[in-house]
Structures are given as C-alpha cells and as structure tokens.
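Residue-level listing of the chains:
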2 protein chains.
Amino acid sequence: MNSFILKGDVCCSGAPDALVTRDNSYLICENGVCAGVFDAIPPRFRDLPLTDHTGKLILPGMTDLHLHAPQYAFRGMGMDRELLDWLNAYAFPEESRYGDIAYADRAYTIFANAIRRSATTRAVIFGTLHREATALLMERMEASGVVSFVGKVNMDRNAPDSLCEASAEASLRDTERFLRETTGKFRNTYPILTPRFVPSCTDELLQGLGALSEQYQVPVQSHLSENPGEVAWVRELCPWAAHYGAVYDRFGLFGNSQKTVMAHCVYSGEEEIDLMQRNGVTIAHCPASNANVASGIAPVRRYLDRGMRIGLGSDIAGGQSESLFTAMTEALKVSRLYWRLIDSAQKPLSVAEVFYMATKGGGAFFGKVGSFEPGYEFDALVIDDSTLPHPRALMLAERLERAVTLGGDLRGLVAKYVRGKRLDLS
Amino acid sequence: MNSFILKGDVCCSGAPDALVTRDNSYLICENGVCAGVFDAIPPRFRDLPLTDHTGKLILPGMTDLHLHAPQYAFRGMGMDRELLDWLNAYAFPEESRYGDIAYADRAYTIFANAIRRSATTRAVIFGTLHREATALLMERMEASGVVSFVGKVNMDRNAPDSLCEASAEASLRDTERFLRETTGKFRNTYPILTPRFVPSCTDELLQGLGALSEQYQVPVQSHLSENPGEVAWVRELCPWAAHYGAVYDRFGLFGNSQKTVMAHCVYSGEEEIDLMQRNGVTIAHCPASNANVASGIAPVRRYLDRGMRIGLGSDIAGGQSESLFTAMTEALKVSRLYWRLIDSAQKPLSVAEVFYMATKGGGAFFGKVGSFEPGYEFDALVIDDSTLPHPRALMLAERLERAVTLGGDLRGLVAKYVRGKRLDLS
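Residues numbered from 1 in each chain as written. Chains lettered and ligands numbered in written order. Predicted model: local features only at pLDDT ≥ 70, side-chain atom pairs only at ≥ 80, totals over all residues. Heavy atoms only, no water.

**Quick look at the sheet that holds strand β12 (residues 260–264) of chain B**
All names here are of chain B. In space, the four strands of this open sheet follow the order β11-β12-β13-β14, with parallel pairing throughout. Unpaired on one side and paired on the other, β11 (220–224) and β14 (310–312) mark the two borders of the sheet. Shown here is a sheet whose adjacent strand axes are inclined to one another by a mean of 30°, direction ignored. Of the strands in this sheet, β13 (282–285) and β14 touch helix α12 (residues 351–363), which is tilted by about 110° from β14. (Pairing = 2+ DSSP bridges. Helix = DSSP H or I, 4+ residues; strand = E, 2+ residues; numbered from the N terminus. Axes fitted to C-alpha atoms, helices over the stretch in contact; angles between N-to-C directions. Contact = heavy atoms within 4.5 Å.)

Structural data, given as structure tokens:
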C-alpha cells in the first residue's frame with residue numbers, strides 16, 4: 001500500500017536544539033508510517049519501490065498551528081493597524097462575506113490550493129462563525145490532502161452585527177450541530193472548538209463550549225495575550241480572573257481535558273505560563289503577525305527553555321505568507337530583536353530551534369508527526385535547492401540553513417507526502 | 001530608438017506619503033526617458049510601438065542602495081551572530097576568497113544574474129578589497145543591464161591578514177588605479193569609493209580617499225552607526241570626533257563635495273542627523289539586516305519627517321533576500337515594532353512610504369530615477385499579479401499594496417526596463 005523508499009539528503013530535528021542531517025540516505029515509509037533513515041536499504045525493505053531524489057533535500061512536513069482561512073483573501077493588505085483596530089477595519093468585514101456560500105467557495109478553493117502547494121502538511125485553522133461555510137472549508141481541506149483541524153468560530157459579544165451570534169445558546173446549538181455533522185466525516189479533517197478570544201465570548205458561551213469539548217472529546221484553539229490593549233480589555237471584562245488564560249481554564253478550555261492550542265502568548269505572565277505548562281497547552285508562535293499588527297515579540301526562548309509545547313503559526317492574515325519557511329525566518333529575526341530591544345538575557349533562537357518548532361514541535365499537536373524517527377506518521381517534503389546556486393559545494397547542514405532562511409524565495413518544492421500519500425502540487 | 005508605449009495599470013510615488021495609481025493607462029518612453037502617463041495616447045506619440053500589458057501592474061524600477069556582492073553566496077547562512085562577530089565569523093572569511101579570480105567569477109556571475117532577474121534596476125554595491133575581482137564584478141553588472149555603482153573596499157586596520165591592505169598608501173594606490181581603469185569604461189556601471197567603515201580604515205586612509213573623491217569626482221558609500229558595539233568602538237578609535245559621522249566628514253567623505261550614501265544609521269544622534277541633512281547624505285535603510293544581525297531598528301519616521309534623503313537597501317547578506325519587495329515588507333514590519341517597543345510617538349511607516357523609499361527615494365541617488373513623471377529615466381517593472389488569485393475584484397491601490405507586501409512570494413515579474421531597454425529575465 002503506502003510503502004516505499006525515498007533516496008536523498010535527509011534532515012530532521014532531534015532535540016529542539018539539534019539537527020539530524022543524513023547525506024544520501026534512504027528514508028522508508030511503511031504503511032504510511034516512517035520506518036527510519038538508513039545508509040543502505042535493509043534487506044526486509046528491498047522489494048519496496050524507490051523514488052530517487054539524489055541531491056535533493058528531504059525534510060519532515062511542516063505544521064501550521066494557527067491560521068485564519070477566511071483572511072487568506074486579504075493577506076498582505078491592511079497592514080497599517082494594530083490588533084483591535086485591524087480586526088474592526090479588515091478582518092471582521094472580510095469574514096462577514098462568508099455568509100455568502102458562493103463567495104466562501106471561491107475563497108476557500110483558493111486557500112486550500114495554496115496550502116496544498118505550500119510546505120504545510122498539517123494545519124490548525126480558524127473558519128468564520130458560519131457553519132455552512134466552515135463545513136465547506138473542511139471539504140476543500142480534505143480534498144487538498146493536508147491534515148487539519150478546522151473550527152467554526154464562536155462570537156456572541158463585542159462583534160459587528162453581521163458577525164455576532166444571536167445568543168450564547170444559539171451559538172452553542174449551531175456549534176453542536178457542526179460537531180455532529182463533521183466528526184468522523186473525513187479521513188484527514190477534524191473539527192476543533194474555536195472561541196475567537198475572550199473579548200468576543202460571554203462566560204455563558206465559554207462554559208457551554210467547555211462542556212461540548214468534554215462531551216464530544218474535541219480539542220480547542222483560541223488566542224491568548226497577544227496585545228496590551230487586548231489583555232487590558234480581558235482584565236476589564238473578567239475582573240474575577242487572575243489572568244487571561246485563567247478565563248479559558250475556568251471553563252475547561254485550557255488543556256483541562258482536551259488538547260488545546262493558544263496563539264501568540266506575547267504578554268503571558270508567570271502564573272499564566274505555569275498554568276499552560278501544567279495543563280500541557282500548546283503555544284502557536286506567530287512571528288510575522290507579532291510584527292505586522294504591532295503586538296510585540298513573544299518570549300519564545302523562555303518557553304523553549306522550560307520545555308513547553310510550542311510550534312509556529314503563519315497566522316494568515318496577521319502574517320502575510322502561508323509559508324512555514326517564512327515563519328521560521330521571521331521567528332529568527334524577531335528573536336534577535338527581542339534580544340536587542342527587550343532582554344539581552346534571552347539568547348536569540350537558532351536555526352535548529354525554529355526548524356524544530358516548524359516540524360516536530362508543532363507536529364506533536366497531531367501525535368507522532370514532524371520527524372523521521374521510526375513510528376512517526378510519514379509527512380515529507382522534497383526540495384530541489386539547486387534553484388539556489390552557490391559558487392562552492394555546501395555541507396548538508398548549510399544547505400538546510402539556507403533552505404530555512406531563504407524559504408520565501410525557495411521555488412524548489414518538488415514533492416510532498418502526507419501520511420505516506422504523495423500530493424498533487426500542480 | 002528607445003521609444004515605445006506600455007499599456008497597463010500604472011502606479012508610482014507622488015510625495016513620500018502618496019501613491020499615484022492609474023488604471024489602464026499608457027506609459028510612454030521617449031529615447032529612454034519617461035514622457036508621462038496618459039489616459040489616451042497623445043497624437044504626437046501615436047506612431048510609437050505599443051506593448052499591451054493590460055491587467056498587469058507597471059511600477060517604477062527599484063533602487064537597492066546597499067548590498068555586498070561577495071556576500072550573496074552566503075545569504076541566509078550564519079544568521080546567529082550580531083554585527084561584529086558576524087563579520088569575523090562569516091563575512092570576512094567569505095570575502096577572503098575573492099583573491100581567487102576563478103571563484104570570484106563563479107560567484108559574481110550568480111550574483112549579477114540574480115540582480116538581473118530581481119526587481120532592482122539600480123544598485124549601489126560593495127565588492128571586496130580585491131581590485132581585479134571588483135573590476136570583474138563591474139563587467140558582470142554591466143552585462144546584466146542593471147545600472148550600478150560598484151566599490152573596491154578599503155581596509156587597512158582591524159581586519160584579518162587576508163583582508164588587510166598593507167598600508168594606507170598601498171590601499172590608496174590600488175584605489176586610484178581602480179578608478180583610472182573603470183571610470184568611463186562602462187555605459188551603466190560606475191566606480192564608487194568604499195571605505196568599509198571607520199573601524200577598518202586609518203585616518204590616513206580616509207584622508208586619502210577624501211582627496212581621491214574630490215580629485216576624481218567620485219561618490220562615496222560606507223556604513224554608519226549600525227550597532228552599539230560598533231559605535232562605541234568608533235568613539236574609542238576616534239576620541240576627537242563629536243560623533244561617528246564626524247569622522248567621515250572631517251575627511252571629506254560625508255557628502256562634502258560628492259554624493260554619499262551611508263547604510264543603516266540606527267544609532268545616529270541629533271548632531272549626526274543634522275550634519276547628514278545639511279550635507280545631503282543619503283540614508284540606506286536596511287530593515288532585514290537591522291533584525292538579522294540584531295542591530296536594532298533605524299528611526300526611519302524621523303528621517304522621513306525631516307525630509308531627508310532616504311531609500312532602502314537589501315544589505316545582502318545582512319539581509320538574506322535581494323528582493324526590494326522583501327525590503328519594503330521588512331521596513332513595514334520593523335517600523336511597527338519600533339512603534340511598539342521603542343517609541344510610540346513614531347508612527348509606523350505606510351505602504352506608500354516604503355514604496356517611495358524603494359523607488360523615488362532611493363532612485364534620487366542616481367538622478368531623476370524611480371518615478372514616471374516626465375523627464376525621469378525610464379526604469380519600469382511589469383508584474384502579473386494574477387498569480388495571486390482573489391475571490392473578488394481588487395482596486396489598483398489594493399493590488400499594489402498586495403504586491404508590495406507579498407513581494408517575497410511574487411513570481412509574476414514579466415518584464416523589466418532600464419533606461420528604456422528591456423532586460424532578458426531568463
């Protein structure tokens with residue numbers, strides 16, 4: 001079935017700060033699962049079909065832990081406001097359009113094609129509050145071959161009329177229907193609970209979502225401590241909470257029973273960080289968005305040093321590119337500005353660390369994903385880096401570094417495998 | 001001769017903060033010079049040949065005010081040090097290779113091809129201290145069709161043996177020979193004096209270069225106030241100088257008689273800024289490099305508000321991409337972090353402002369360059385932005401914004417004209 005051998009220059013993450021590079025090796029997929037990397041083909045695999053990618057890079061597929069599908073249409077536009085203004089000026093008006101299923105179909109077809117052709121093999125995706133459009137998004141994502149969690153957004157306060165659900169009860173009813181209609185429907189596409197963020201969800205709504213999470217065993221995604229104005233607003237709205245994360249936690253939406261990913265975590269304090277670590281909450285670091293909507297810079301070094309769960313998010317359209325290569329480059333850059341401008345005790349990130357976050361770190365949200373260790377689901381990218389000529393021969397580690405940091409320019413993605421299936425990149 | 005009409009959706013800069021957008025217009029080139037943008041073809045031009053780019057963007061060519069040709073080979077590698085360490089660990093060892101003319105030939109051929117295929121139509125380029133290799137670089141740049149200033153670097157102190165000229169006198173002798181051999185040799189390629197920066201040039205060398213600048217009427221490029229460690233070092237080396245820029249100024253290398261471009265200006269104080277403005281020094285803002293080598297963020301808003309001369313630099317390899325589109329995006333992003341992290345009184349840059357810097361602002365170093373106003377030299381880019389699909393029709397200003405901010409992804413450069421000549425992009 002899905003069993004084969006790829007030959008090429010294989011790289012993956014070992015520990016968060018260590019790269020594994022294996023020149024001219026054999027990477028074996030057995031029934032969609034990685035059987036390991038070998039210098040020569042072990043006898044038990046010698047009958048498997050081999051695809052020869054000699055001279056090309058073979059990397060694990062990448063996980064995008066946070067992006068908004070309906071915002072793909074305006075990526076790269078409206079980069080002139082900070083978060084809360086930006087939501088009102090750009091994000092909300094665009095998301096309102098997704099009540100029109102024909103518009104949603106055009107937009108989500110463009111989106112799913114872009115993700116299919118990108119380095120992303122796994123994604124955790126916000127839709128809009130529209131149940132039908134979000135179900136359609138799941139169909140388009142399923143057709144793409146990329147594995148994803150997709151959420152119908154909940155908002156029952158502080159939203160424009162066109163994006164405000166009638167009541168917590170109505171929102172919960174619609175969400176339950178969404179869960180019943182989409183759970184188990186697809187092979188590669190799963191629902192996820194998606195309260196937009198605390199300012200747009202009443203306590204009643206959050207409480208109901210916590211109950212649905214437990215009842216239907218559904219994971220959770222949301223935003224956390226992204227922007228000073230947002231954090232202050234949450235403090236006003238929920239004066240009873242010790243911190244922003246405590247609001248989600250109180251309602252069972254903070255890794256309490258189901259796995260949870262929180263985007264940004266730029267302004268998380270000690271207590272919030274402790275709780276995230278205790279609850280095993282995954283952090284989606286979105287470096288391009290940190291800069292674009294002028295949020296600040298997340299203290300990623302601290303999260304890595306504490307051994308917390310962390311990966312990268314493109315945060316389309318807070319970030320303008322869906323490329324996880326771009327996210328890696330941006331993560332390197334903002335970490336260097338963090339060191340210079342905020343705290344010189346926090347060492348900038350290394351190439352190994354951003355590569356870890358894009359592959360194994362983020363992949364962990366999906367299980368054994370993002371590595372070529374035996375037993376990992378087989379997600380792989382084949383990259384022809386000869387499109388980037390060089391006057392001398394480079395070591396494999398240098399080639400990997402160049403691929404990571406020139407990702408935005410890299411036009412050489414020649415093959416992409418998800419769970420052992422090769423996707424059509426055309 | 002070089003007279004023709006382009007039809008398409010024309011955009012250029014008016015004032016630094018204003019975009020001019022002209023849907024479905026006629027852009028006329030007369031003998032390599034822009035005759036204007038028209039809604040209909042004026043009768044006097046009706047016999048000129050027309051190329052129909054209907055539906056495509058037509059933008060002014062872009063100027064890269066600061067990049068290092070010998071560093072192109074390691075762009076995207078070694079992004080783990082701040083400036084002074086980075087020079088010693090990566091830049092200097094790579095630049096040492098350019099004593100080998102065969103290596104220089106391979107590397108500069110790759111470099112010149114990359115610039116030819118990029119959005120850059122004008123560039124101000126550092127070579128190495130090797131006279132022969134730098135003359136070869138000029139030949140390669142001339143063949144590219146891009147207009148450029150190219151400098152043989154001077155270094156006579158604080159450099160590794162392989163990159164340290166024997167004496168100020170030897171450096172000056174070699175530089176004078178370089179000027180004599182390259183001045184007037186090319187149509188599009190000119191020499192420029194290039195003291196690397198104050199730490200690597202003795203007073204005697206700088207004094208001699210100032211004299212050469214006046215004698216041969218040659219412009220000047222260098223680095224200024226990029227990094228705190230560098231600025232402190234200059235203070236130690238030249239205790240007599242009121243500020244870093246005052247060193248160049250004392251020796252006639254600061255816009256005193258010839259035009260001068262200074263890269264970075266991240267830590268320039270009031271006095272230095274006043275002197276730059278008085279002397280008409282052009283600032284090359286290099287936002288990617290600001291982050292990559294952890295320099296900090298240049299106060300570009302202040303320079304723009306004072307009406308100073310300013311444009312963008314890719315700063316290859318402090319920046320990893322030669323794309324001026326990438327430089328524009330990075331300039332937007334770091335300006336938003338400047339506002340958030342350094343000074344909230346300094347409004348972030350707008351799309352109009354970064355577009356101005358990439359076109360008309362930087363172009364001014366070359367004369368009437370970077371606009372489609374009548375009398376400007378005809379440098380133009382034709383971009384097929386239909387490679388970026390959208391679910392609804394966009395306004396021209398939205399399309400331009402998207403092209404600017406998605407530049408790293410933009411694969412649609414279909415034609416490029418320099419001084420009215422169409423370049424081969426293959």
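**Here we look at the pattern of salt bridges**
Residues and elements named next belong to chain A. One pass over the full model with this rule turns up 52 salt bridges over all chains. Between R399 and D9 there is a salt bridge whose closest N-O contact spans 2.9 Å. Taken together, the residues R399 in helix α13 (residues 396–405) and D9 in strand β1 (residues 4–13) connect sequence positions 390 residues apart. Looking at D9, the relative accessible area reads 7%, which means it is buried. Salt bridges linked by common partners bring R122, E377, D379 and R419 together as one network. (Salt bridge = Lys/Arg side-chain N within 4 Å of Asp/Glu carboxyl O. Buried < 20%, exposed > 50% of the residue type's maximum accessible area, 1.4 Å probe, protein only.)

**Quick word on the relation of the copies chain A and chain B**
When chain A is fitted to chain B, the best match, at an RMSD of 0.0 Å, comes from turning it 180° and sliding it 0.0 Å along the axis. Taken together, these values place the two copies in the relation of a two-fold axis. Comparing interface residues between copies, 100% of those in chain A also sit at the interface in chain B, which points to an isologous, same-surface contact. (Least-squares fit on C-alpha atoms with pLDDT ≥ 70 in both.)

**Section: the domain arrangement of chain A**
All names here are of chain A. For chain A, the assigned domains read domain 1 (4–60 + 370–422) and domain 2 (62–366). If you average the C-alpha positions of domain 1 and of domain 2, the two centres end up 29 Å apart. At the interface, 32 residues of domain 1 touch 29 residues of domain 2. Counting each side, the surface lost to burial between domain 1 and domain 2 is near 2300 Å², with a carbon and sulfur contribution of 62%. Joining domain 1 to domain 2, the criterion identifies three salt bridges. For the pair domain 1 and domain 2, the number of links is 15 residue pairs in polar contact (both at pLDDT 80 or more). Residues belonging to the side of domain 1 that touches domain 2 are distributed by class as follows: 18 nonpolar, seven polar and seven charged. (Domains from an automatic or database assignment. Buried area = accessible area lost by both parts, 1.4 Å probe. Polar contact = N/O pair within 3.5 Å; in protein donor to acceptor, adjacent residues only side chain to side chain. Nonpolar A, V, L, I, M, F, W, Y, C, P; charged D, E, K, R; others polar.)

**Structural notes on the interface of chain A and chain B**
On the chain B side, the residues contacting the 56 residues of chain A number 56 residues. Between chain A and chain B, roughly 4500 Å² of surface is buried when both sides are summed, and carbon and sulfur atoms account for 56% of that area. Broken down residue by residue, the surface that chain A buries against chain B is led by R336, R340 and P391 of chain A, which jointly contribute 15%. Counting every contact that joins chain A to chain B gives four salt bridges. The interface formed by chain A and chain B holds 22 residue pairs in polar contact (both at pLDDT 80 or more) in total. The element best represented in the side of chain A that touches chain B is helix α11 (residues 324–341) of chain A, accounting for nine residues. The residue inventory of the side of chain A that touches chain B, partitioned by class, reads 25 nonpolar, 13 polar and 18 charged.

**Looking at the state of the cysteines**
The tally for this structure, following the rule as stated, stands at zero disulfides over all chains. Sulfur of C11 of chain A: no disulfide; nearest cysteine sulfur belongs to C12 of chain A and is 8.0 Å away. Using a relative accessible area of 0% as the deciding quantity, one classes C11 of chain A as buried. C265 of chain B takes part in no disulfide bond, and the closest cysteine sulfur, belonging to C286 of chain B, lies 9.0 Å away. Among the residues examined, C265 of chain B registers a relative accessible area of 0% and is labelled buried. (Disulfide = S-S within 2.5 Å.)

**Some details on the packing of aromatic side chains**
Scanning all chains against the criterion turns up 32 aromatic pairs over all chains. Pairing F365 of chain A with F366 of chain A gives two aromatic rings, centres 6.1 Å apart and planes at 75°, and the pair type is edge-to-face. Per residue, the accessibility class of F365 of chain A equals that of F366 of chain A, and both read buried. Summarising the aromatic geometry, the rings of Y248 of chain B and F254 of chain B are spaced 6.3 Å apart at their centres and angled 15° between planes, so their arrangement reads as stacked. You can call F254 of chain B buried: its relative accessible area is 0%. Every member of this aromatic cluster is reached through a ring pair, and the members are F4, F372, F378 and Y417 of chain A. The ring of F365 of chain A carries the charged tip of K259 of chain A above its face, separated from the ring centre by 5.0 Å. Above the plane of the ring of W240 of chain B lies R250 of chain B, whose end atom (NZ or CZ) is 4.2 Å from the centre. (Phe/Tyr/Trp six-rings, centres within 6.5 Å; stacked < 30°, edge-to-face > 60°. Lys NZ or Arg CZ within 6 Å of the ring centre and 35° of its normal.)

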